[in-house]
Structure formats: C-alpha cells, structure tokens
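# Coordinate analysis (summary)
Letter by letter, the chains look like this.
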Amino acid sequence: MPPRASKRKSAPPNSSSVTSSDGRSVSNKAKTKGMDKIDRLFNTYANSSLGVIDPEGIEALCSDLGVDYTDVRILMLAWKLKAEKQGYFTQDEWQTGLKALGVDSLTKLKKALPELEKEVEEPSNYEDFYIYAFQYCLTEEKQKSVDIESICELLNLVLGVQFRPQVDSLVEYLKVQNDYKVINADQWINFLRFCKEISFPDLENYDATQAWPLILDNFVEWMREKQS
Amino acid sequence: MESKTIDFERGWDHVYKGIKQLRRILEGLPEPLFTSGEYVMLYSTVYNMCARNPPHNYSQQLYDKYREVLEEYITSTLSPSLRGKRDEFLLRELVKIWVNHKVMVRWLSRFFNYLDRYFVDYRSLPALNEVGMTCFTDLVYREVQTNIKDAAIVLIGKEREGDRIDCSLLKNVLDIFVAVGMGSMERYEDDFEADMLRDTGAYYSRKASSWIEEDSCPEYMLKCEECLKKERDRVFHYLRSSSEVKLIEKVQHELLVTYIDRLLEKEHSGCRALLRDDKADDLSRMYRLYCKIPRGLDPVADIFKQHVTAEGTALVQAIGAASNAPGVQEHVLLRKIIELHCKYMAYVTDCFQNHNLFCNALKDAFKVFCNNTGTDSSSAELLATFCDDILKKGGSEKLSDEAIEETLENAVKLLAYINDRDLFAEFYRKKLARRLLFDRSANDDHERSVLSKLKQQCGEQFTSKMEGMVTDITLSRENHAAFEDYLRSNSAAHPGIDLTVTILTTGFWPSYKPCNLNLPTEMIKCVEVFKGFYETKTKHKKLTWIYSLGTCNLSGMFDQKTIELVVSTHQAAVLMLFNTSDRLSYSEIMDQLNSTHEDLVRLLHSLSCAKYKILSKQPDTKTISRSDYFEFNSKFTNKLRRIKIPLPPVDEKKKIVEDVDKDRRYAIDAAIVRVMKTRKVLGYQQLVSECVEQLSQTFKPDIKAIKKQIEDLITREFLERDEENPNTFKYLA
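Rules used in this analysis
- Residues numbered from 1 in each chain as written.
- Chains lettered and ligands numbered in written order.
- Predicted model: local features only at pLDDT ≥ 70, side-chain atom pairs only at ≥ 80, totals over all residues.
- Heavy atoms only, no water.
- Helix = DSSP H or I, 4+ residues; strand = E, 2+ residues; numbered from the N terminus.
- Expected span 1.5 Å × (residues − 1).
- Buried < 20%, exposed > 50% of the residue type's maximum accessible area, 1.4 Å probe, protein only.
- Contact = heavy atoms within 4.5 Å.
- Buried area = accessible area lost by both parts, 1.4 Å probe.
- Salt bridge = Lys/Arg side-chain N within 4 Å of Asp/Glu carboxyl O.
- Pairing = 2+ DSSP bridges.
- Axes fitted to C-alpha atoms, helices over the stretch in contact; angles between N-to-C directions.
- Core = buried A, V, L, I, M, F, W, Y, C linked by side-chain atoms within 4.5 Å.

## A few points about helix α19 (residues 421–437) of chain B
All names here are of chain B. The end-to-end C-alpha separation of α19 is 24 Å, in line with the 24 Å expected for 17 residues at 1.5 Å each. Among the 17 residues in α19, 15 count as buried, and that is most of the element. D439 sits one or two residues past α19 and shows a positive phi near 55°.

Encoded structure:
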C-alpha cells in the first residue's frame, strides 16, 4: 500500500525540481509528511525519556489495536519490525517496520495484521519467524537458553495453530520431565523439524539413532510408553 | 673334408637304409646298434644334401621325407598294436609304443639334425621334435585319447576303492598327455584332468551322502582326513602337481563344504557336542580340515562363541541364584570365570592354533557375560575386590607365590572383557589406598607385579596414579627417618607421643573428605611439630590433614588390666574425651568433636555396640540414638593384651560411581572435540562411532551420554548443526 502522500496532485515522490516555500523539495516533503505520521504514531506510544516504545507503550498499542498483549500477532509485528529487545520498539525499528508494512496510521496497521499473518505463514518466512520467536525471548545478555515454562507458552503461541496435537503432547512432556530446565536454540529449531517431518501420533518414522536432540528421543520414548 | 653334391636318389637311399636298420632295432630284432662312424655317415649324407645351393639343395624334400617316414612307421607298426585293446592293456600298449616312438624320433632327429640347425628356422617351420610329436598326436593320440582317459580314470577309481594299481603305468600315461601338449598343459587339462575332476567329484559326492547319514561327526572327519591324504598321495605318485589344488578343492567341496551345516550341527556328535564333551582331538581335526577352506571356519567359530557365551551366562546365573554370603559368592564367581577363561583359552591356542576368528569369538563371548554379574556390584567392582582379597594380608588365599601370580595374571586378563575399565581403576585405586595406608598389603612384589601387568594391558596412563601411590609410601618411609633425626636434634619439640606421618601426593590418591574434627591437645601438638619439621624441608607445599585415615594406639587403663587398643584416629579422639569427663551425652560428644552425625554414629557404634564394648551406653540398645549417654567401661577386659577395634568403612561405592561418571563426561567431551577438530564437518553417526573408538580403551560410552555432550557443545558454541543437513555437525573454531 503506497503512502498517501503520493496521491497528492503535486509532483510524484521522485521528482525534486519544485521547491516549496520552506526550502525543502516537495518529494522530501511528501516523504517527510509520511514519515511524520509514522513518527507521530511512534511518539504516541513511546516513553519520552527513553526515546523508545516500552512494554507499557506496547500494551497500549495492543489495546488500541484490539489485540491481546500475548497474541501471536504482536510477535509477528515484532518480527516484521526486526525488534531486537523483547518488549521494546526503537524508532528505527518502528519506521522501517511500518514502512515495510506500508502503513502510517493505527487503522491501517490494524488492517495490515491479517496480511502480516499470511506473510509469516509463507514457507519461506515461517522458519525465520520461528527462530526469531526464540531469540526474542533471550532477554539477558549472553543468554543462550529459555526456561521450560516460557518455551511451553511459546510453542503454544507459535506452533499451536498448525501443529496442535504435537504441541499439546510436547508441552505435557516438557512439564513432567526433569532432565532439562532450559531449552537451547538447537533444540528449539528441532521441535519445528520434528513437527514437520515426523508422522504423528504414531511416530513411525522417528529414528533415535539419528542426530535428533536427546530431549526428543526421550519425548518419543515417553509417548511410546504411554501408548502401549 | 671334401663335400660334393649328391644326387637325391642316392643320398636318400643311404639314409633310408639307416632308417630300416633303426626300425629293426626298435622291433627288437638282433641288430647291432649304430656305431659312431655309421652315425657320422648318415649325418653327413643329410648335410651334403642340404648344405648346397639349389638345385642341389634337397632340404625341403628331406624335411618332407622325415615326416613321411615317421607317419609310415606309426601307421604300419605302432597304431595297429593298439587296436582291439582296452582298459589297462590299452594303457600298457600305449606306453610301449610311446617309448618306441620317442626313440625313433630321437634317432631320426639325430640323422636329420642339420635340418634343425638352419632350414627349420629359415623357413619358420616346426622343429623335427615337434614334427615327431605332431605325427604321434595326429595318428595315435587323437584316436585313443578318450579311451585312455577313461581307462586311467577307471584305474584311479579302483585305487580309491582300495585296489592296488600300477602307479608307474598311470604316471607314464599321464606323461603322454603332458607331452602331447607340447609345452602347454592344455591337453593334460582338457583331455584328462577335467573329466578326472568331475569323476572325483561324483565319487566323493556319493560317499559323502552316505557317510553323512551313518557316521558321527568325528568319524566323518576322520574319513575326510584320510581321503585328503590319499588324494595328496595320488598327486605325488602319478598325477601332475598342478592338479593338486584343483583336486583338493573338489574333494573338500564335496566332503566338507556341501555338508558343513549337517556335520557341525549333528546332534550328539557335532561341534557343540564336541565342545561340551571336551573332545580336543576332534576339534583340532575340525580346525585342520576347515582352515584351508575360505570362510570354512566361520560357522565353527560361531558355534564356539555361542557355546562359551552359554557356559559363561549359565555360570553367572547359577552363582547369582546360590545364596552364599555376599562377598564369598562374588569371589567364587570370579574364580569360576577365570577357570572358564583358562579352559577355553587352551582351546583357542591348542585346537584352533590361535586363529584370529577364535580369539575374537572368545573375546566377544566373554564380553557378553562378564559385564552382567546379576548382583548389585558391577563386574568392575567385583574384579577389584577379587584382586584386593588376594593382595591383602590374611586374604582368603593361602596359596604359593606362583599360584598367586597366576591368579593375578588371569584376573588382569579378564579386564580386557569388562566395559567399565575406568570404574575398575577407581575401585582398585581406593582399595590399594586402604592396603597401603593401613599396612594391609601382603606382599610388595605382588603389588608391583599387578601394576606392571595392568600397565601392559591398559597402557601407562591407567596405572600412573597407582604407581605414584606406591612411590609415596616408599618416600614417606624415607621421610620418616628424616623426621626422627629432626626430633632427636630438637628434643624440646618432641610431642611426647610416637608419631608417624605418611605424606600423600594429592593427584595420585583418591580424594578424601577433609574433616574438621577437634583433636585432643596431645594430637594437636603432634601435628604442629610435624608441620615445623615439614617447613624445614619445603616451603612450597601445603599439607592437608586427613585424620580419617590415621590409626592410633591407646592404652586402655581398665580395672583388671591395661589393654592396648588399636583404633582409628577418630575413634581415639572420642575415647580421649573420657579422660576428662566420666559421662558424656551424645550431644556433648558431638559439640566437643565437631563431627557429622553420620560419622559420629558410626564411631560410637564401633566403640559401644560392637564386639568390644570399650564404652558403655545408656540405654544399652543395639543402635546409637541422639539421646544416649556414654561412659568409659572400666569393667572391660579381654584375654588378649592388644586388640584392634575395627571401624567399618563407609560404603564409597556410590561416590566412586559418581566420580567415574563425571570423569566420563569430560572424557566424552574431549573426545568429541578432538574428533571434530580434525574432521571439521562430520555426520552424526560417524561422530558417535569415532568417539566410541577413541574411548574404547577405557570404557564403553553410553550413546545417550555422547548425544548429551554434543548438545552441550552446541550450547557452548563449539559445534553447530549444518543448516542443509540436520544430521551433520560442523566444528566452530
């Protein structure tokens, strides 16, 4: 969706010949105008002393969007914005993200959400989003793993729609086992691979002599015992 | 010598006369042999007819005449004598005419020799000998070859059935087959050998099919051995040596290969039964028969392995089921396993000639049951206990030095079959420490001998710590002499008590819990004095005192008599409290000693509830509780003047297993890094197998443990999974 500015009768964004009264070129003005809107939207939610949108701001944004704070679409938005720190959007991230979405207002943002969902679900993006979801949870510096509780929530959020039965069993297992207190990135990525490759619930084609992470070997063993 | 041209007719006339004379000689008529003069004449005649320029060069005609003469001789004299003859008579006659033919050719060739020198080469024609051979082949051999082949094979068949035959006749006949080949073995092979082999095969196939029904395995094998020997003799006596390999292979195939399964699996006499009944001779024979056959020994080795595995497993189960006192049972188990090992090792060396297949079969079999003791203790622990029993004083063995050496040697051999070698090392080390520190070792030489055997078997690293321990004891003794000198020259420093200190180098000895026991003042003084001495020797080392390993001799002033009590330092610390107090409660003792509850209960139990009640306890129950009170038992007495109050050791088994598990995690980690550093990129399964290989000297790693370490290394960013192929790992430098 092109920014509204380009629909003006004045010169299109890439011509720079006409100068307006305040010395800026019209195209710049058009861009700035669009950018302005995005910035203004940013400032609505940003914490003025920090210069970024903080968790409170995000909560507010969510409520304005009519979306729950824990909704997966916010995670998708963070992904689109390439947000680095969980619970915060910087101005750069905001600008780049909203431009990529082609929105500059709240209503447009709200309308863009379903499309964003479809974009994420595209096979080429899905794995990227999945990995992003994990990294987004690494809040401490040098943190490499995420605790089981959060992982369970994340699994539900991210894989729940597509792989409901796998997620339910896996979450149940993660809660009862005590071998692992945290999950690392390698295990995380293999959860997705497991859902995609292994037939469920029979687990017929699972081969523990391959390089599956040990936690999945144990999970499969647990499932097979349950089934017998 | 004047040589003039000669007229063909005249020359030939002369030569032909000589030929006629030759024929008469051959017929056996009373004809004088050629004189050398006559021979020279004939030779020269031929020479004169050939060494000329044309048209007086009659080489070609003479060459043709030579052939003619031979052909005529054969057809008129030789061949007819063969007709109508059969079997052995045919063979005899053939040999006779062959001999005649050879003589004829020899003499003729001498006469016509000049042709061989130049004409034959010049025209690239076959030499005279060859011509002779060809004539025989075409005119005689081709006609009779099938019949003589058949007759020869019949003779061989008769010999196989036990008849005596004329070997030299057969040999001569076979020489003809070879000669006819003119340098190649083709005729012998195609015209005789092929059918002979076929006939042999059929013969033995028949025999085998009836023998296998009637005979037991040993009987059958004996027959095979005999047959093979006879066939070899056959080759020696008349067959060509080139036939040996094919012949033996044929016989082996019919007798041994075709029926291998039936033979080995014969119910009452087959391989299993032979093993069961210890029939060493028969098994040796079986080995000899099958070792030359490719893959022939595989099923034998397999049965051997199964048998040994079954015996071993039955042994382990039987002893597991028997309800002996623990300790005794396990000792018996190891003895029996050693016996079993010696028994079957003897089979491998004597019957099976130390063949690789059988060495490995034995190894694999032992590995199966040696790791499964069916008791609470792992086989590694049992073996260490077994060695400890032999090496300690008053051990259950009252054997000669040689017998002890032999038993220890056999015990060390068993280590090769145990997966958890590192666990054995830990247990052995712990027990060695106790033997060394409490002076329980029976014989220094045996101790050192075991260590050197272990070093040989498992490598230097395995025994380096243990050797360090033994060295420490020796050094401590020297050190003690120096300490005594020190005390003599510093009499003020003398603590008033005889003190011996053993210094242990930390890395070599098992780790001991340091304790914070409060010692009686007398002992504290000892410690200080020694520290003083030690500082004069070295300032760089730190001493950590392990009182739990010490012993103390106390004089117990009982009412009836004074008895010397040999106790541990901790026990002594408890007893000495009663020098200043008559009666102490558990908690008072606890406070004064600063011990742990676990240790204190053990100590008090050994002094008040065990065999010798040095302390009396109120209430007088069999166990220690925290509300008990203790008094010095002045009424105690014993007929001995010196008694040892044992303190049962803490069961360190769990800790040892934990320590070893930890070490294994490090070892696996290091192995994975080593492999990946070299390979850079490697598939999961290969990585696992290379790790297992690297660690195989020390222990058999659990695959899950390897997987866990791989994951750990991924988290620590040493490795990463390949994006394209999730079963491959990459080394991150």
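## Quick word on the side chain of D215 of chain B
All names here are of chain B. Inspection of the secondary structure assignment puts D215 in the loop between α8 (186–214) and α9 (217–237). Classification of D215 by relative accessible area gives buried; the value is 8%. Not counting residues up to four positions away in its chain, the partners in contact with D215 are Y220, K223 and K266.

## Some details on the interface of chain B and chain A
By a widespread convention, an interface's size corresponds to the accessible area lost as its parts come together. The interface is formed by 13 residues belonging to chain B together with 19 residues belonging to chain A. The contact between chain B and chain A buries some 1,400 Å² in all, and 43% of this surface belongs to carbon and sulfur atoms. Its largest share of buried area at the contact with chain A, chain B owes to K707, E711 and R721 of chain B, together 38% of the area lost on that side. Counting across the interface, chain B meets chain A through 4 salt bridges. The residue D217 of chain A makes a salt bridge to K707 of chain B at a minimum N-O spacing of 2.3 Å. Mapped onto the side of chain B that touches chain A, the elements with two or more residues apiece are α27 (684–695) and α28 (703–715) of chain B. Take the side of chain B that touches chain A: its biggest share by element is 6 residues, from α28 of chain B.

## Description of the pattern of salt bridges
Side chains that differ in charge, positive against negative, can pair when their charged atoms come close. Residue and element names in this part refer to chain B. Tallying each qualifying case throughout the model produces 62 salt bridges over all chains. In this structure, K343 engages D278 in a salt bridge whose closest nitrogen and oxygen atoms are separated by 3.4 Å. In this pair, K343 is assigned in helix α15 (residues 328–351) and D278 in the loop between α12 (271–276) and α13 (280–291), connecting sequence segments 65 residues apart. Look at K343 and you get partly exposed, because its relative accessible area is 32%. Between K635 and D559 there is a salt bridge, with its nearest N and O atoms 3.7 Å apart. You can see K635 sitting in the loop between β5 (629–632) and β6 (642–644) and its partner D559 sitting in the loop between β1 (551–557) and β2 (562–568), a full 76 residues away along the chain.

## A word on the sheet that holds β5 of chain B
All names here are of chain B. Pairing is antiparallel in the open sheet, where 3 strands are placed in the order β3-β5-β4. Two strands in the sheet have a free side with no partner beyond their single neighbour: β3 (583–585) and β4 (615–618). With direction set aside, neighbouring strand axes in the sheet form an average angle of 25°. Sheet strands touched by helix α25 (residues 597–608): β4 and β5. Its angle to β4, the strand with the most contacts, is close to 110°.

## So, unusual backbone geometry
Backbone torsion omega between F200 of chain A and P201 of chain A reads 0°, so that peptide bond is classified as cis. Structurally, the position occupied by P201 of chain A is in the loop between α9 (185–197) and α10 (214–227). Cis rather than trans, the peptide bond between Q618 of chain B and P619 of chain B has omega equal to -10°. In this fold, P619 of chain B is placed in the loop between β4 and β5. Although it is not a glycine, L203 of chain A adopts a positive phi angle of roughly 60°. Note that L203 of chain A resides in the loop between α9 and α10. Notably, D87 of chain B is not glycine yet its phi reads approximately 45°, a positive angle.

## Remarks on the nonpolar core
Residue and element names in this part refer to chain B. In terms of nonpolar packing, the biggest core is built from 92 residues, with L255, F304, F366 and Y428 touching the most fellow members. For F304, the contacting residues outside a window of four places in its chain are L275, Y344, Y347, V348, F352, F358, A361 and L362. One finds L22, V69, I148 and A152 within the second-largest nonpolar core, a separate group that totals 72 residues.

Such coordinate-based values are descriptive only and should not be taken to indicate function.
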